[in-house]
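Observations on the model geometry
One letter stands for each residue in the lines below.
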Amino acid sequence: MTIDKKSKLMLFPRIGKLIIIFFAIAFIIAGLRGYQLYMYVFNENVKTEKAFIIPEGATFNQVLDTLQTNDILINYKAFRWVSKKKNYPDLIKPGHYLFQKGMNTNQIVNKLRAGEQEPVDVTFNNTRFKEDLAGKVSRYLQADSLSILRLFNDKKKIEEFGFTPETFKAMFIPNTYEFYWTTSAEEFAVRMKREYERFWNEKRRQTAVAIGLTPVEVTTLASIVQEETVKADELKRVAGLYVNRLKRGMLLQADPTVRFAVGDFSLRRILNIHLEIDSPYNTYRNVGLPPGPINFPEVSAIDAVLDYEKHDYLYMVAREDFSGYHNFSRNLAEHNRHAARYRAALNERKIWK
């Protein structure tokens, strides 16, 4: 079959139209794809504002799983595409992150690539033992409790900070501090030393000197005061009592130091057998302050020592009503009467230890 000249002339316009239509469709598809990719990059992509942690050594799939588990993103396909284009799977940085509403995918990936973490609030208080401190702090930081505990057993490192193993607790002043989650145990200690220096400003240091104590000694006394009373309005009075005894060269005879030496803070009754324990922390046998703090005293207890109540009390014993308050005495005879009432109350309640 042959195609005549007229038919050929009619065929070429049709082919031309098809080509035009093809390119038009391709252009539209490309435009739509381009628009889609533009939206991938610049559309808002935060569904839920929720903090999350990327651990050390995490893979991209683990990051993605964390985001999905916490229902954080709107479009995970967009996140995957932008992450790949920006090579994020090879640049994952550990940390504590938070995405705000309104952030687009480009901002999200840039933040993760740069490791721009959100700080976490690290709070520790009501802490007695180094194990308690390590446990509380490690809940907020990448540093585990064992690495923090190792600090307290590293005599060389402790000396570099200017303390002894007995006084090292004084460097850690309970409060709430901002840290990055990736903080190591040593970085935590370095920051605590800075906070210690900031806390012990010139005014506090001069006040301590006026009392006749060093900052560490103030902290050591504060640790005893804190253990003696749960009542905030008694802190300064208790502090004043011990300052009086120190100035007179008397034994402190502080029951909390005996509990510390025994290793049992739950003791309600201090017996003669406890008083005989051979320990530098037993202030019934050793004059002056113990070698170091028996806990991590709060700022309120430290400031109570620095601003102790001026009085002439030398003795104290818990009130027999178990209110948490104490009876204070100026002489031993008065103290013995108060102590007898408290012992009778313990006996009545069958509290023997």
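This report concerns the structure included in the present document. Note that the structure is predicted; figures quoted are calculated from it, not measured. Here the residue numbers are simple positions, counted from 1 along each chain's written sequence. Restriction of local features to residues with pLDDT of at least 70 applies here, the model being predicted, together with a cutoff of 80 or more for giving and counting side-chain atom pairs; totals for whole chains, interfaces and linings are based on all residues. Only heavy atoms go into the side-chain values, all of them from the structure, while hydrogens and water stay out.

Examining the pattern of salt bridges
It is possible for side chains bearing opposite charge to pair when their charged atoms get close. When a carboxyl oxygen of Asp or Glu lies within 4 Å of a side-chain nitrogen of Lys or Arg, that pair is called a salt bridge. Tallied over the full model, the rule gives 14 salt bridges. When the shortest N-O distance is used, the salt bridge between Glu 197 and Arg 205 registers 3.2 Å. For Arg 205, a relative accessible area of 28% puts it in the partly exposed group. A salt bridge links Arg 204 to Asp 303; the shortest N-O distance between them is 3.1 Å. Here Arg 204, found in helix H9 (residues 202-211), pairs with Asp 303, found in helix H14 (residues 299-306); they are 99 residues apart in sequence, far enough to count as distant. The exposure class assigned to Asp 303 is partly exposed, which follows from its relative accessible area of 26%. Several salt bridges share partner residues, and in doing so they unite Lys 157, Glu 160 and Glu 186 into one network. Categorising residues by exposure relies on relative accessible area from a 1.4 Å probe, with only protein chains included: less than 20% of the type maximum marks a residue as buried, more than 50% marks it as exposed, and the intermediate range marks it as partly exposed. In DSSP terms, a helix is any run of H or I states spanning at least four residues, a strand is any run of E spanning at least two, and both are numbered starting from the N terminus.

Here we look at the pairing of strand E6 (residues 326-329)
Residues His 326 and Phe 328 point to one face of E6 and Asn 327 and Ser 329 to the other, with burial holding for every one of them. Strands are treated as partners if at least two bridges between them are detected by DSSP. Sheet topology note: the strand E5 (residues 315-318)/E6 ladder contains 4 bridges and is antiparallel. Considered in E6, the bridge of Val 317 is made with Asn 327.

Focus on the side chain of Asn 295
Tracing the sequence through the fold places Asn 295 in the loop between helix H13 (272-275) and H14. Polar contacts here mean pairs of N or O atoms no more than 3.5 Å apart (in protein, one a potential hydrogen donor and the other a potential acceptor; neighbouring residues in sequence count only if both atoms are side-chain atoms). Of the polar contacts made by the side chain of Asn 295, one reaches the backbone oxygen of Ser 223; its length is 3.0 Å. A polar side-chain atom of Asn 295 sits 3.0 Å from a polar atom in the side chain of Glu 227. Every residue pair with non-hydrogen atoms within 4.5 Å of one another is taken to be in contact. Once residues lying within four places of it in the same chain are set aside, the contact partners of Asn 295 are Thr 127, Arg 128, Lys 169, Ser 223, Gln 226 and Glu 227.

Description of the packing of helix H11 (residues 235-248) against H14
Packing of H11 against H14 leaves a shortest axis separation of 8 Å and a crossing angle of 50°. When the interaxial angle is binned, H11 and H14 end up oblique. Here the hand of the crossing between H11 and H14 comes out right-handed. Only Ser 300, Ala 301, Ala 304 and Val 305 of H14 make contact with H11, whose side of the interface consists of Leu 235, Lys 236 and Ala 239. Where helices are involved, their axes are fitted lines through C-alpha atoms of the stretch in contact, as for all axes, and angles between N-to-C directions lie from 0 to 180°. Between 65 and 115 degrees an angle is taken as roughly perpendicular, under 35 as roughly parallel, over 145 as roughly antiparallel, and anywhere else as oblique. Each crossing gets its hand from how the near helix is turned against the far one by less than a right angle, where anticlockwise is left-handed and clockwise is right-handed.

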